[in-house]
Amino acid sequence: MSAPSMTLFHNPASPYVRKVMVLLHETGQLDRVTLQHSQLSPVSPVSPDAALNQDNPLGKIPALRLADGNVLYDSRVILDYLDQQHVGNPLIPREGSARWRRLTLAALADGIMDASVTIRYELALRAPDKHWDQWLDAQRDKIRRALAVLEADAIAELTSHFDIAAISVACALGYLDLRHPDLNWRDAHPQLSAWYAHVSQRPSMLATVPKV
Ligand code: GSF
């Protein structure tokens with residue numbers, strides 16, 4: 001086995017990092033990456049990590065330092081790069097309508113993560129008397145609308161391939177379970193719930209269950 005050639009800025013609770021880890025598992029590339037844990041855990045908008053900021057001026061994880069010193073971010077770019085570094089079937093369709101559909105589903109899942117992570121920041125990092133309830137409700141509505149679309153329109157597509165779209169949705173749902181169990185997302189989404197129960201058993205998902 002060759003020495004790892006890439007370094008991934010990592011935190012086991014991050015849904016964006018989890019997407020990268022799941023893709024590494026699914027494509028047999030785990031041994032190519034060393035994990036670098038943030039000095040500050042978790043990384044947050046108000047606890048900057050100097051080492052991370054040097055590599056990603058946005059101060060966000062994941063960031064992937066390549067063997068030549070170049071650094072890739074954000075998670076979408078990293079996934080695209082890593083998907084072009086293995087010899088198996090691509091997890092991001094290279095062309096055609098499938099590419100745009102699967103990337104759009106992945107963006108929908110990323111939007112669930114974005115709303116979920118920013119709700120988390122508001123609730124965990126800001127004083128309760130400063131919480132902006134209207135904004136929190138609007139973020140929750142984004143999550144609800146996205147879940148409704150996945151339930152109504154995307155189950156067959158998610159079931160057909162465990163690719164960029166499915167990985168992204170699975171990691172978004174895992175993060176809802178971790179940080180927002182109060183949303184009870186399963187109640188109104190029985191098909192998504194059944195799909196998630198199935199894909200959660202994949203070795204790549206079991207190996208990357210979020211930890212706080
Ligand atoms: C989002 C990464 C992100 O917000 C991506 O990689 O897809 N669009 C980016 N990461 C969080 C950590 S997490 O909760 O996963 C982060 O690094 N936050 C620090 C900050 O300053 O917002």
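Everything below is about the structure shown above.
Everything quoted here is computed from the prediction, not taken from an experiment. (Residues numbered from 1 in each chain as written. Predicted model: local features only at pLDDT ≥ 70, side-chain atom pairs only at ≥ 80, totals over all residues. Heavy atoms only, no water.)

Here the focus is the overall build of the protein chain. Looking only at helices and strands, one finds 9 helices and 4 strands in the protein chain. Moving toward the C terminus, one meets the helices and strands of the protein chain in the order β-α-β-α-β-β-α-α-α-α-α-α-α. A compact globule built from 212 residues should have a C-alpha radius of gyration of about 17 Å, and the protein chain, at 17 Å, falls within 12% of that. The principal-axis extent of the C-alpha atoms belonging to the protein chain is close to 50 × 40 × 30 Å. Here the protein chain holds 212 residues, and the buried ones make up 47% of them. (Helix = DSSP H or I, 4+ residues; strand = E, 2+ residues; numbered from the N terminus. Rg over C-alpha atoms; globule rule 2.2 N^0.38 Å. Buried < 20%, exposed > 50% of the residue type's maximum accessible area, 1.4 Å probe, protein only.)

Let us look at the site of the ligand. Taken together, 15 residues are adjacent to the ligand, and S14, I61, D74, S75 and Y121 come closest. In this structure, I61 approaches the ligand through a main-chain N or O atom, which is 2.8 Å from a nitrogen atom. One of the side-chain nitrogen or oxygen atoms of Y121 is found 2.8 Å away from a nitrogen atom of the ligand. Taken by itself the ligand offers 530 Å² of open surface, and the protein chains cover 88% of this. When contributions to the shell around the ligand are tallied by element, the ones reaching two or more residues are helix 1 (15–26), helix 3 (75–83) and helix 4 (96–125). A class-by-class count of the residues in the shell around the ligand yields 8 nonpolar, 4 polar and 3 charged. (Near = heavy atom within 4 Å. Polar contact = N/O pair within 3.5 Å; in protein donor to acceptor, adjacent residues only side chain to side chain. Areas by Shrake-Rupley, 256 points an atom, 1.4 Å probe, with all protein chains shown as cover. Nonpolar A, V, L, I, M, F, W, Y, C, P; charged D, E, K, R; others polar.)

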